[in-house]
Amino acid sequence: MIEVDRLTKRYGKTVAVDDLSFRVTAGRITGFLGPNGAGKTTTLKAILALIRPTSGTTRVLGKPYSELDDPARKVGAVLETSRYHPGRSGRNHLRVLAAQAGIPRQRVEEVLELVAMKEPAKRRVGGYSLGMRQRLGLAAALLGEPQLLILDEPANGLDPAGIRWLRDLLRSLAHQGRTILVSSHVLAEIEQIADEVVIIHRGKFVAQSTTTELGARAAAGVRVRSPEVDRLREMLAGQGMSAIVLEDGALGVTDGTPERVGELAAANNIVLHELVAEKATLEEAFLELTAGETTE
């Protein structure tokens, strides 16, 4: 569905994207992650033919975006750099886009309903909040009922209710068979909606996998709770396992498995009240892979 092949983009001496390659599979939601300045927006612009790569290629639906027939009906995009005429109403903004793409005017009302903007659409875009402009951008991206959506930080400016609404909308669109590539720094949301993630760092490819596989690759541990916590901790340390006391009094154990911790506790007649494997979150995996640099 999307192919990025050895993409490089330089701005003078600055390398924004460096020999980057990845594929986005059809019919899935793919999170596109990286610290601030990693090259995510540059990559998305290259995919949409908004910038010319220094080298390498990008393809959408098997061909460069610039060669697509009727692109509005195949690819919908929301970029942080989207622009609107401040004096035009949201509805008229969409009507202009629809007319340019040969899309029936009735579709404007359908997408306004879909993004919960029927009433605000009467107002001038210049008075919109960031969250309202994000919804308007999504409405514009959906005008042509595209097969593919490319979204750059669509949750920016949305309140918690708006983020939940966006999550439900993207899930609904994915269930309809659409392919979605979404760049976001809200990692908890990506973990809930994405089938897989692509991570880049300093313009380079770092990893691509399902969220479950990525969490399994990151450092995790064991959580164990016992009324004999001090003896348990000393016993584990003697076996080369680091254990720290957590806020609720349980132990967080690294360098061990639940099976090994349980066997050692049983052999030493230590009572356990809880013993579970701790799974790394997407955020923890992301920070480990990018050496702790943030996405903001």
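Parameters at a glance
- Residues numbered from 1 in each chain as written.
- Predicted model: local features only at pLDDT ≥ 70, side-chain atom pairs only at ≥ 80, totals over all residues.
- Heavy atoms only, no water.
- Buried < 20%, exposed > 50% of the residue type's maximum accessible area, 1.4 Å probe, protein only.
- Helix = DSSP H or I, 4+ residues; strand = E, 2+ residues; numbered from the N terminus.
- Arc of directions from axis to C-beta.
- Pairing = 2+ DSSP bridges.
- Contact = heavy atoms within 4.5 Å.
- Salt bridge = Lys/Arg side-chain N within 4 Å of Asp/Glu carboxyl O.
- Axes fitted to C-alpha atoms, helices over the stretch in contact; angles between N-to-C directions.
- Polar contact = N/O pair within 3.5 Å; in protein donor to acceptor, adjacent residues only side chain to side chain.
- Parallel < 35°, antiparallel > 145°, perpendicular 65-115°, else oblique.
- Left-handed = near helix turned anticlockwise from the far one by under 90°.
- Nonpolar A, V, L, I, M, F, W, Y, C, P; charged D, E, K, R; others polar.

**Regarding helix α10 (residues 282-289)**
Part 1 of the argument: By the burial criterion, the buried members of α10 are Leu-282, Ala-285 and Phe-286. Along the axis of α10, the buried residues cluster in a sector spanning 100°; they form a single face.

**Here's the deal with the pairing of strand β9 (residues 204-210)**
Part 1 of the argument: In the sheet, strand β8 (residues 196-201) pairs with β9 via six bridges, with the strands oriented antiparallel. When the bridges of β9 are listed, Ile-200 appears paired with Phe-205.
Part 2 of the argument: The hairpin formed by β8 and β9 contains two residues between the paired strands, and Arg-202 there has a positive phi angle of roughly 55°.

**Quick notes on the environment of Thr-43**
Part 1 of the argument: Tracing the backbone shows Thr-43 in helix α1 (residues 40-47).
Part 2 of the argument: Apart from residues no more than four positions distant in its own chain, Thr-43 is found in contact with Leu-7, Val-17, Leu-20, Phe-22, Phe-32 and Ile-200.

**Re the environment of Met-132**
Part 1 of the argument: Examined against the element boundaries, Met-132 turns out to sit in helix α4 (residues 130-142).
Part 2 of the argument: Given a relative accessible area of 16%, Met-132 falls into the buried group.
Part 3 of the argument: For the pair Met-132 and Ile-180, spaced 48 residues apart in sequence, the C-alpha to C-alpha distance is 21 Å.
Part 4 of the argument: Here Met-132 is in contact with Met-117, Pro-120 and Arg-123, once residues within four sequence places are set aside.

**Comments concerning the pattern of salt bridges**
Part 1 of the argument: In this structure the tally under the stated criterion is 15 salt bridges.
Part 2 of the argument: Put simply, Arg-6 and Asp-19 hold a salt bridge, and the shortest N to O gap is 3.0 Å. A residue pair is termed long-range when its members are at least 10 positions apart, and Arg-6 in strand β1 (residues 2-11) and Asp-19 in strand β2 (residues 14-24) qualify at 13 residues.
Part 3 of the argument: Judged by its relative accessible area of 53%, Arg-6 is exposed.
Part 4 of the argument: Measuring nitrogen to oxygen at the nearest pair gives 2.9 Å for the salt bridge that ties Asp-18 to Lys-204. Remark: Lys-204 occurs in strand β9 and Asp-18 occurs in strand β2; sequence separation between them is 186 residues.
Part 5 of the argument: Since its relative accessible area comes to 43%, Lys-204 is described here as partly exposed.
Part 6 of the argument: Residues participating in the shared-partner salt-bridge network are Arg-91, Arg-95, Glu-109 and Lys-118.

**Some remarks on the sheet that holds strand β6 (residues 148-152)**
Part 1 of the argument: Here six strands make up an open sheet; going across it, the order is β5-β6-β7-β3-β8-β9 and the pairing mixed. Sheet topology places β5 (75-78) and β9 at the edges, where each strand pairs with a single neighbour. The average angle at which neighbouring strand axes cross in this sheet is 15°, direction not considered.
Part 2 of the argument: As paired strands, β5 and β6 are joined by four bridges and run parallel to one another. Paired with Ala-77 across the strands is Ile-150, a residue of β6.
Part 3 of the argument: In this fold α10 packs onto β3 (29-33), β8 and β9, with an angle of close to 30° to the strand it touches most, β8.

**What about the side chain of Ser-89?**
Part 1 of the argument: Structurally, the position occupied by Ser-89 is in the loop between β5 and α2 (90-101).
Part 2 of the argument: Given a relative accessible area of 12%, Ser-89 falls into the buried group.
Part 3 of the argument: At 3.0 Å, the side chain of Ser-89 and the backbone nitrogen of Asn-92 are in polar contact.
Part 4 of the argument: Other than its neighbours up to four places away in sequence, Ser-89 contacts Ala-121, Lys-122, Arg-123, Arg-124 and Val-125.

**With respect to the packing of α2 against α4**
Part 1 of the argument: The N-to-C vectors of α2 and α4 enclose an angle of 25°; their axes lie 10 Å apart at closest approach. When the interaxial angle is binned, α2 and α4 end up roughly parallel. When the axes of α2 and α4 are compared, the crossing they make is right-handed. Between α2 and α4, the contacting residues are Gly-90, His-93, Leu-94 and Leu-97 on the first element and Leu-136, Ala-139 and Ala-140 on the second.

**Considerations on unusual backbone geometry**
Part 1 of the argument: Positive phi, close to 50°, is recorded for Glu-145, a residue that is not glycine.
Part 2 of the argument: Locating Glu-145 in the fold gives a position in the loop between α4 and β6.
Part 3 of the argument: A relative accessible area of 48% places Glu-145 in the partly exposed class.
Part 4 of the argument: In this model, Asn-269 sits at a positive phi of 55°, which is unusual for a non-glycine residue.
Part 5 of the argument: Following the sequence through the fold, Asn-269 ends up in the loop between α9 (258-267) and β13 (274-278).

**What about the packing of α2 against helix α3 (residues 106-114)?**
Part 1 of the argument: Running from N to C, α2 and α3 point in directions that differ by 130°, and their axes come no closer than 9 Å. Overall, the two elements α2 and α3 adopt an arrangement that is oblique. In this structure, the crossing between α2 and α3 has a hand that is right-handed. Of the residues in α3, those touching α2 at Arg-91, Leu-94, Arg-95 and Ala-98 are Val-108, Glu-109, Val-111 and Leu-112.
Part 2 of the argument: Across the contact of α2 with α3, the residue classes tally to five nonpolar, no polar and three charged.

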